[in-house]
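Descriptive structure summary
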Amino acid sequence: MIVCHCEVVSDRQIRKAIGNGAACPGAIGLATGAGTQCGNCVPSIVALLAQYAGTAPTDREDSYEAPQCSCCRAA
């Protein structure tokens, strides 16, 4: 399934990036381009991060705070 329509990035590509160590939306953006244009897919990226971490986002997907890598902390 396409998660990021701007950059045409699938959930498989995002899961692969997470498996390769991407631990936050910024790192996934660096690895795949997802979430780097309009940002509409960022809640879906956060939800994928939460699934991979074994924790579920609360009522709102964007309320989950993914671990941040140095690329996100610098922003």
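Rules of the game
Residues numbered from 1 in each chain as written. Predicted model: local features only at pLDDT ≥ 70, side-chain atom pairs only at ≥ 80, totals over all residues. Heavy atoms only, no water. Helix = DSSP H or I, 4+ residues; strand = E, 2+ residues; numbered from the N terminus. Contact = heavy atoms within 4.5 Å. Polar contact = N/O pair within 3.5 Å; in protein donor to acceptor, adjacent residues only side chain to side chain. Salt bridge = Lys/Arg side-chain N within 4 Å of Asp/Glu carboxyl O. Core = buried A, V, L, I, M, F, W, Y, C linked by side-chain atoms within 4.5 Å. Buried < 20%, exposed > 50% of the residue type's maximum accessible area, 1.4 Å probe, protein only. Arc of directions from axis to C-beta.

Side note on the environment of Gln37
Along the chain, the position of Gln37 falls in the loop between helix 2 (25–32) and helix 3 (42–53). Note: C-alpha distance between Gln37 and His5 (32 residues apart in sequence) is 9.5 Å. Residues contacting Gln37, with those up to four places away along its chain left out, are Cys6 and Glu7. In terms of polar contacts, Gln37 uses its side chain to reach the side chain of Glu7, at 3.2 Å.

Looking at the side chain of Ser10
Relative to the helices and strands, Ser10 resides in strand 2 (residues 9–10). With residues near it in sequence (within four places) discarded, Ser10 still touches Met1, Ile2 and Val3.

Digging into the pattern of salt bridges
Summed over all chains, the structure comprises 1 salt bridge. A salt bridge links Arg15 to Asp11, with the shortest nitrogen-to-oxygen separation between them at 3.8 Å. Of the two residues, Arg15 and Asp11 both sit in helix 1 (residues 11–19), 4 residues apart, roughly one turn of that helix.

Quick look at the nonpolar core
Among the nonpolar cores identified, the biggest contains 15 residues, and Val3, Ile14, Ile18, Ile28, Ala34 and Ile45 are the most heavily contacted of them. Elements supplying a minimum of two residues to this core: strand 1 (2–4), helix 1, helix 2 and helix 3.

Here's the deal with helix 1
An α-helix turns once per 3.6 residues; consequently, residues spaced three or four apart project the same way. Taken together, the buried positions of helix 1 are Asp11, Ile14, Ala17 and Ile18. All buried residues of helix 1 lie within an arc of 120° about the axis, which places them on one face of the element. The exposed set on the far side of helix 1, more than 90 degrees from its buried face, consists of Arg12 and Lys16. Residues of helix 1 that are buried in the fold lie against strand 1, strand 2, helix 2 and helix 3. Two residues or fewer after helix 1 comes Gly21, characterised by a positive phi angle close to 110°.

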